[in-house]
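Observations on the model geometry
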Amino acid sequence: MLVQILGAADCVTGSRHLVRGVDGGLVLLDCGLFQGWKPLRERNWLPLGVAPPSLDAVVLSHAHLDHSGWLPALVRAGFRGRIWCSPATRDLAEVLLLDSAHLQEEDARRANRGGWSRHLPAQPLYTRRDAARAIESMRPITPGKDFSPVTGMTARLTPAGHLLGACSVTLRDRLHTLVYSGDIGRSDDMLMRAPQAVPDAPDLLLVESTYGDRQHDDSDQQARLAAIVRDTVERGGSVLMPTFAVGRAQALMLLLQRLRRSCEIPASLPIYLDSPMAQAATRIHLAHARLMRLSQAELRTLCEGVTAVEDAADSRRLARRKTPAVILSSSGMATGGRVLTHLAAMAPEPRHSIVFPGYQVAGSRGGRLIDGAREIKVMGQIVPVRAEVHHLRGMSGHADASGLIGWMRQLPAAPAQVLVVHGEPAAADALRLRIGRDLGWSARVPRPGETVPLAVDLSALEQPD
Ligand SMILES: [Zn+2]
């Protein structure tokens with residue numbers, strides 16, 4: 001077996017790992033989009049590093065775009081194989097990939113209108129048609145069941161918490177076993193069950209390191225949010241929570257329902273979910289409810305008293321609302337979407353609060369606000385910021401360094417090789433050191449594009465005399 005690291009080697013996006021089996025099968029583990037700073041995003045326009053028509057199959061760990069978002073480009077470039085993933089990943093990927101394709105088409109249209117593309121006319125990275133074809137190629141497979149993505153290789157998915165449907169992947173040829181963590185969730189995630197132990201002893205382990213240098217802050221986010229909401233309502237204001245539509249929005253609904261039930265916030269306080277994508281994602285969560293750790297009662301009441309705002313006119317009307325409410329709206333870092341209308345209306349007024357749950361990339365509108373910006377540009381207008389701005393840390397869907405070590409400790413045997421991927425350089429290196437210290441395994445951080453051969457035990461090939 002040979003593994004080539006085609007993405008997420010020096011960053012947290014663009015996860016793509018190419019595996020060549022001993023019998024020649026070619027399987028791609030994840031096919032993610034590069035996101036964030038421009039030099040990273042430009043990598044999306046480069047060729048994959050292997051001819052897409054020559055690939056036999058893709059195995060997808062989960063639906064987040066940094067793992068799935070390049071699939072339509074792969075199909076556009078001639079890939080005709082199957083994409084294996086869990087059933088919930090397929091359902092969420094459908095929502096995420098179609099939305100991503102829509103944004104790519106919009107970007108190209110804007111570039112053509114503005115005339116700033118180097119290529120005229122500007123082409124989208126991919127279209128909704130490409131996304132639809134990628135979704136048609138998906139083959140949902142139940143976690144825990146063996147399947148064969150290509151002759152000579154078997155694979156299995158193991159639930160990893162983190163996001164609905166997210167799994168680790170075991171891939172085996174007749175000589176070697178590879179385990180790929182995907183993204184590992186927290187054992188105390190509000191919504192998702194704890195990651196399961198992978199039962200296979202790997203020759204090679206590929207492990208993510210997003211929070212490889214951090215421990216989560218365990219302070220009580222629930223109590224903090226309750227206090228913010230109570231104070232805001234007392235002064236007659238509303239709370240705006242910019243949120244990711246998939247996963248985070250559902251966790252926030254759960255948190256707000258718990259606060260209402262325990263009377264930590266007013267039980268009659270209206271809650272609005274102003275994001276069509278979050279509404280679609282909520283329906284998918286409820287359809288796969290047994291993957292979550294919620295009780296039957298919590299499942300039944302998740303959407304109770306939450307008003308789903310369907311069309312854009314209602315969203316604009318909501319932005320003019322005078323009485324207190326909680327508004328959940330996308331995008332999560334306020335980089336676009338309906339949340340911008342609310343931000344423009346609410347930021348200038350000191351009675352309101354804007355609460356960012358989770359990581360905010362430096363340079364994004366969310367990042368600037370939590371850094372204390374006194375004014376921001378929204379839809380071409382300079383908007384003064386007089387509302388309270390809060391950042392709820394500790395709502396991440398990723399395991400911290402101890403969580404990652406704990407997940408690795410559950411493997412039945414020490415891997416011969418460990419490659420640390422999917423982390424900023426400092427986080428990846430910190431996890432590498434910690435793996436050595438806590439587990440006694442030697443690990444390293446691969447270079448982008450590096451090919452890693454797995455040692456062949458000749459005795460496995462040759463018959464003894
Ligand atoms: Zn993820």
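Residues numbered from 1 in each chain as written. Predicted model: local features only at pLDDT ≥ 70, side-chain atom pairs only at ≥ 80, totals over all residues. Heavy atoms only, no water.

In the annotation of an unreviewed UniProt entry, the entry for the protein chain reads Metallo-beta-lactamase family protein, and the organism field reads Sphaerotilus mobilis.

Turning our eyes to something else, we now look at the overall build of the protein chain. When helices and strands are tallied, the protein chain shows 15 helices and 22 strands. Relative to the globule expectation of 23 Å for 465 residues, the C-alpha radius of gyration of the protein chain, 23 Å, shows essentially globular dimensions. Taking all 465 residues of the protein chain together, 56% fall into the buried category. In the structure as shown, the protein chain presents an accessible area of about 19,600 Å², 52% of it carried by carbon and sulfur atoms. (Helix = DSSP H or I, 4+ residues; strand = E, 2+ residues; numbered from the N terminus. Rg over C-alpha atoms; globule rule 2.2 N^0.38 Å. Buried < 20%, exposed > 50% of the residue type's maximum accessible area, 1.4 Å probe, protein only. Areas by Shrake-Rupley, 256 points an atom, 1.4 Å probe, with all protein chains shown as cover.)

The seven strands are arranged β7-β8-β9-β10-β11-β20-β21 in an open sheet whose pairing can be described as mixed. Two strands close off the open sheet at either side, each with one partner strand: β7 (147–150) and β21 (443–444). Note: strand β11 (residues 204–208) against strand β20 (residues 417–421), five bridges, orientation parallel. The residue bridging L204 from the neighbouring strand is Q417, located in β20. The strands touched by helix α13 (residues 401–409) are β9 (167–172), β10 (177–180) and β11; relative to β11, the strand with the most contacts, the crossing angle is about 155°. Sheet strands touched by helix α14 (residues 425–439): β11, β20 and β21. Its angle to β20, the strand with the most contacts, is close to 155°. (Pairing = 2+ DSSP bridges. Contact = heavy atoms within 4.5 Å. Axes fitted to C-alpha atoms, helices over the stretch in contact; angles between N-to-C directions.)

Here we come to the coordination of the zinc ion. Around the zinc ion, the protein contributes the donor atoms H62 (NE2), H64 (ND1), H162 (NE2) and D183 (OD), at 2.1 to 2.3 Å from the metal centre. One can describe the donor arrangement at the zinc ion as irregular, given that its four donor atoms subtend angles of 91 to 167° at the metal. Mapping the donors of the zinc ion onto the primary sequence gives the spacing H-x1-H-x97-H-x20-D. You can see H64 sitting in the loop between β4 (57–59) and α2 (65–68) and its partner H162 sitting in the loop between β8 (153–159) and β9, a full 98 residues away along the chain. You can call H162 buried: its relative accessible area is 8%. (Donors = N, O, S within 2.8 Å, 3.2 Å for Na, K, Ca; no water. Tetrahedral: all angles 85-135°; square planar, octahedral: opposite > 155°, others 65-115°.)

Moving on: the pairing of β11. The buried fraction of β11 amounts to five of the five residues, a majority that puts the element mostly inside the structure. Burial of the side chains of β11 extends over both faces: L204, L206 and E208 are buried on one face and L205 and V207 on the other. Bridge count for β10 against β11 is three bridges, and the pairing is parallel. Along β11, the bridge assignment pairs Y180 with L206.

Note on placement: D99 falls in helix α4 (residues 87–114). A residue is classified by how much of its surface remains accessible, and D99, at 29% relative accessible area, is partly exposed.

Attention now goes to the environment of G436. With respect to the helices, strands and loops of the structure, G436 is situated in helix α14. With 132 residues separating them along the chain, G436 and E304 place their C-alpha atoms 48 Å apart.

Attention now goes to helix α7 (residues 248–261). One turn of an α-helix holds 3.6 residues; hence residues three or four places apart share an orientation. For α7, built from 14 residues, the straight-helix expectation of 20 Å at 1.5 Å per residue is met to within 8% by its first-to-last C-alpha distance of 20 Å. Judged by how many residues are buried, α7 sits mostly within the fold: 12 of 14 residues are covered. Among all positions of α7, only R248, A249, Q250, A251, L252, M253, L254, L255, L256, Q257, L259 and R260 are buried. Immediately downstream of α7, the backbone of C263 shows phi near 60°, a positive value. (Expected span 1.5 Å × (residues − 1).)

Quick look at the pattern of salt bridges now. Within the structure shown, the criterion is met by 23 salt bridges. In this structure, E298 and R258 form a salt bridge, with 2.8 Å as the shortest nitrogen-oxygen distance. Taken together, the positions of E298 in helix α9 (residues 296–301) and R258 in helix α7 put the pair 40 residues apart, joining distant regions of the chain. By relative accessible area, which is 24% here, R258 ends up partly exposed. In the salt-bridge network here, residues are joined through shared partners; they are D146, R156, R172 and D200. (Salt bridge = Lys/Arg side-chain N within 4 Å of Asp/Glu carboxyl O.)

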